[in-house]
Amino acid sequence: MTQKSIYLSLLLLLLISCSSKGEEESIYTPVPANLEIPELFQQKLIAPVIPTNNPLTEEGITLGKKLFFDPILSKDNTQSCASCHDPKNAFTDDTRFSEGIDGKFGTRNSMPLFNLAWNFDERFMWDGKELSIERQAFSPVRNPIEMHSDWKNVAKKLQEHAEYPTLFQRAYGTSKIDSTLVTKAIAQFERTLISGNSKFDQYLLGKVELTPEEQNGFNVFMDETRGDCFHCHGSDNNPLWTDNKFHNNGLDETFADIGLGAVTGDPNDNGKFRSPSLRNLKFTAPYMHDGRFATLEEVINHYSEGLKKSSTIDPLMKKANQGGVQLSDKDKADLKAFLLSLSDANFVNNPDFQQ
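Residue numbering note: each chain is counted from 1, following its sequence as written. Local features in a predicted model are, by the rule used here, given only for residues with pLDDT of at least 70; side-chain atom pairs are given and counted only at 80 or more, and totals for whole chains, interfaces and linings are based on all residues. Water and hydrogen atoms play no part in the side-chain values, which are based on all heavy atoms of the structure.

Peer 1: I'm lost on the overall build of the protein chain in this one. Help?
Peer 2: Helix and strand assignments follow DSSP, with helices taken as H or I runs no shorter than four residues and strands as E runs no shorter than two, numbered in order from the N terminus. Within the protein chain one finds 15 helices and 2 strands. Seen along its three principal axes, the alpha-carbon backbone of the protein chain occupies a region of about 100 × 45 × 35 Å. Using a 1.4 Å probe on the protein chains alone, a residue whose accessible area is under 20% of its type maximum counts as buried, one over 50% counts as exposed, and one in between counts as partly exposed. Counting only residues that meet the buried cut, the protein chain has 49% of its 355 residues in that class. The contacts in the protein chain between residues at least 6 apart in sequence include a share of 66% that link residues at least 24 apart. Exposure was quantified through the Shrake-Rupley algorithm and a 1.4 Å probe, taking into account, for residues, occlusion by the shown protein chains and nothing else. In the form shown here, the protein chain has an accessible surface area of approximately 17400 Å², with 53% of it arising from carbon and sulfur atoms. Any pair of residues with heavy atoms lying within 4.5 Å of one another is described as a contacting pair.

Right, dumping it as structure tokens:
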């Protein structure tokens, strides 16, 4: 074979290779996906936050869901994201502290996962230490109390898996798997976890009526002289039912866990934690960052007569000197009835969010 013919043969092989690669990439062009935004959210909220470097696609969401429920992310293949963020509990845990793969327990209650795409503050976790959903999904894998693995090992297991290389190819145009793509996919799935169909949502849309107890409970919630709850948790004009900010809500006089202060380094932030959404309280017990309250009655009693003063207690805790807002037994019961009306059974039973 002459040198010229060898050159032509190599050129032909190169063209075939490029053509095949182009065909493969065209086959796996991801399909853009849109969030299913509840009617009330469309009326009262601005558009959700979707980063330009991780747009939603059908393939990315599918991959993220599979990864979320797969224990392959943990060191010994026994624990998945869903182990601590269970769909039936509105993507939290029903124990005070979640147990990691080595039988160790953390010191905080798992936060529920829903409506994350409307966290415009873009600080995540109880203490705000993670600045995006993608970063929030990154930390549990290498946390020694949670999955106790490392990303190099996780990427290797996924790379050797029978399905994952193809799923990553379809979602991201490459079969080479790394932590960045894994967390991007999980974040895509988590952004689809939208809860917006509670009884109170239906009431605001004019489709159902509240009971007298629920209505009085809402009045207590909004009344600055009684419940005074809306400053931190929003109102009927804020269907997220949280301000997504950080407050010291009078749990302790001194702090075993300083929360936001450990992240910012500012002593004025000691004892501050994110205000969680009041949605789905029926499913998310126990309550507070450390799960100290087993029931809603205990939570309400804390704000009624259990506030403890400290140097950083939030000014919104106006009646801390009296121990709290001093609710009557009826107002306590009605406030609980209202809070439970914010629970969304369709969300916890949505088959799109199940394994």
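From this point, things continue past the structure.
Peer 1: Is there a simple way to think about the nonpolar core in this case?
Peer 2: One broad rule of soluble globular proteins: the nonpolar side chains tend to lie buried together. The biggest cluster of nonpolar side chains holds 47 residues, and the ones touching the most others in it are Leu67, Phe68, Leu73, Leu158, Tyr164 and Val182. Listed by contribution, the elements that provide at least two residues to this core are α3 (58-68), α4 (81-84), α5 (133-142), α6 (151-159), α7 (164-172), α8 (179-191) and α15 (345-348). Take this core: its biggest share by element is 6 residues, from α8. Discounting chain neighbours no more than four positions away, the residues touching leucine 67 are Leu73, Leu158, Tyr164, Phe168, Val182, Ala185 and Ile186. For this analysis, a nonpolar core means a set of buried residues of the types Ala, Val, Leu, Ile, Met, Phe, Trp, Tyr and Cys, connected via side-chain atoms within 4.5 Å.

Peer 1: Can you walk me through the packing of aromatic side chains in this structure?
Peer 2: Centre distance and the angle of the planes are the two values used to describe a pair of aromatic rings. Aromatic contacts are taken between Phe, Tyr and Trp rings whose centres are within 6.5 Å, Trp giving its six-membered ring; a plane angle under 30 degrees counts as stacked, one over 60 as edge-to-face, and the others as tilted. Summed over all chains, the structure comprises 19 aromatic pairs. Ring plane angle 90° and centroid distance 5.2 Å describe the contact between phenylalanine 41 and tryptophan 118, whose orientation is recorded as edge-to-face. Separated by 77 residues along the polypeptide, phenylalanine 41 in helix α2 (residues 39-44) and tryptophan 118 in the loop between α4 and α5 bring together distant segments of the chain. Considered together, phenylalanine 41 and tryptophan 118 belong to a single accessibility category, that of buried residues. Taken together through their ring pairs, the aromatic side chains of Phe68, Phe69, Phe91, Phe114, Phe189, Phe347 and Phe353 make up a single cluster.

Peer 1: Got a minute to help me understand the state of the cysteines in this structure?
Peer 2: Put plainly, two cysteines are in a disulfide when a covalent bond ties their sulfur atoms together. In this description, a disulfide is simply a cysteine sulfur pair whose atoms lie within 2.5 Å. Under the counting rule described, the total for this entry stands at 0 disulfides. Cysteine cysteine 81 is unpaired, with the sulfur of cysteine 84 as its nearest cysteine sulfur at 8.9 Å. According to the relative accessible area criterion, cysteine 81 is buried, its value standing at 13%. There is no disulfide at cysteine 232, and the cysteine sulfur nearest it, in cysteine 229, is 9.1 Å away. According to the relative accessible area criterion, cysteine 232 is buried, its value standing at 9%.

Peer 1: What is the right way to read α7 from this model?
Peer 2: Each α-helix winds once per 3.6 residues, and so residues spaced three or four apart point in a common direction. Listed in full, the buried residues belonging to α7 are Tyr164, Pro165, Leu167, Phe168, Gln169 and Ala171. Downstream of α7 by a residue or two, glycine 173 has a phi angle that is positive, lying close to 75°.

Peer 1: Honestly, the packing of α5 against α8 in this entry has me stumped. Any pointers?
Peer 2: Two quantities define a packed helix pair, namely the angle between the axes and the distance from one axis to the other. Between α5 and α8, the shortest axis-to-axis distance is 8 Å and the interhelical angle comes to 115°. Like other packed secondary-structure pairs, α5 and α8 cross with a definite hand, here right-handed. Along the contact surface, α5 presents Ile133, Glu134, Gln136, Ala137 and Phe138, while α8 presents Ser179, Thr183, Lys184, Ile186, Ala187, Glu190 and Arg191. When grouped by side-chain class, the residues that make up the contact of α5 with α8 number 5 nonpolar, 3 polar and 4 charged. All axes here are fitted lines through C-alpha atoms, helices being fitted over the stretch that makes contact, and every angle between N-to-C directions spans 0 to 180 degrees. Left-handed describes a crossing whose near helix is turned anticlockwise from the far helix by less than a right angle; the clockwise case is right-handed. Side-chain classes follow a simple rule in which Ala, Val, Leu, Ile, Met, Phe, Trp, Tyr, Cys and Pro form the nonpolar group, Asp, Glu, Lys and Arg form the charged group, and the remainder, Gly included, forms the polar group.

Peer 1: Explain α3 here, please?
Peer 2: Taken together, the buried positions of α3 are Gly60, Ile61, Leu63, Gly64, Leu67 and Phe68. Down the axis, α3 shows its buried residues gathered within 165° of arc, on one side only. The inward-facing, buried residues of α3 abut α4, α6, α7 and α8. Regarding the arc, it is the one traced by the directions from the helix axis to the C-beta atoms.

Peer 1: Just to check I follow, could you spell out the confidence of the model for the protein chain for this structure?
Peer 2: Detailed conclusions should not be drawn from predicted coordinates in areas where pLDDT is low. Confidence of the prediction at every residue is given by pLDDT, a number between 0 and 100. In this model, the protein chain carries an average pLDDT of 92, and 93% of its residues clear a pLDDT of 70 or more. Low confidence marks residues 6-26, where pLDDT is under 50. Its contacts with residues over four positions away, or in another chain, come to 3 contacts.

Peer 1: Honestly, unusual backbone geometry in this entry has me stumped. Any pointers?
Peer 2: Among all residues except glycine, the phi angle is most often negative; among peptide bonds, the trans geometry is most common. Between alanine 285 and the following residue, proline 286, the backbone shows a cis peptide bond with an omega angle of 0°. By secondary structure assignment, the location of proline 286 is in the loop between β2 (273-274) and α13 (296-305). Even without being a glycine, asparagine 115 presents a positive backbone phi close to 55°.

Peer 1: In this structure, what is going on with the environment of lysine 309? I would like to understand it.
Peer 2: Structurally, lysine 309 is set in the loop between α13 and α14 (329-340). Lysine 309 gets classed as partly exposed once you look at its relative accessible area, which sits at 45%. With 188 residues separating them along the chain, lysine 309 and aspartate 121 place their C-alpha atoms 27 Å apart. Among all residues touching lysine 309, those that are not within four sequence positions of it are Asp252, Glu253, Ala320 and Asn321. Polar contacts, as used here, are pairs of N or O atoms within 3.5 Å; protein pairs need one atom able to donate a hydrogen and one able to accept it. Residues neighboring in sequence count only if both atoms are side-chain atoms. At a separation of 2.8 Å, a polar atom in the side chain of lysine 309 contacts the side chain of asparagine 321.

Peer 1: Is there a simple way to think about the environment of leucine 335 in this case?
Peer 2: With respect to the secondary-structure elements, leucine 335 resides in helix α14. In contact with leucine 335, other than residues within four places in its own chain, are Gly217, Val220, Phe221, Ile300 and Leu327.

Peer 1: Hey, could you run me through the side chain of aspartate 228 in this one?
Peer 2: One can find aspartate 228 in the loop between α10 (212-222) and α11 (230-233). For aspartate 228, a relative accessible area of 13% translates into the label buried. Look past the residues within four positions of aspartate 228 in its chain and what remains in contact with it is Val220, Phe221, Asp223, Leu316 and Lys318.

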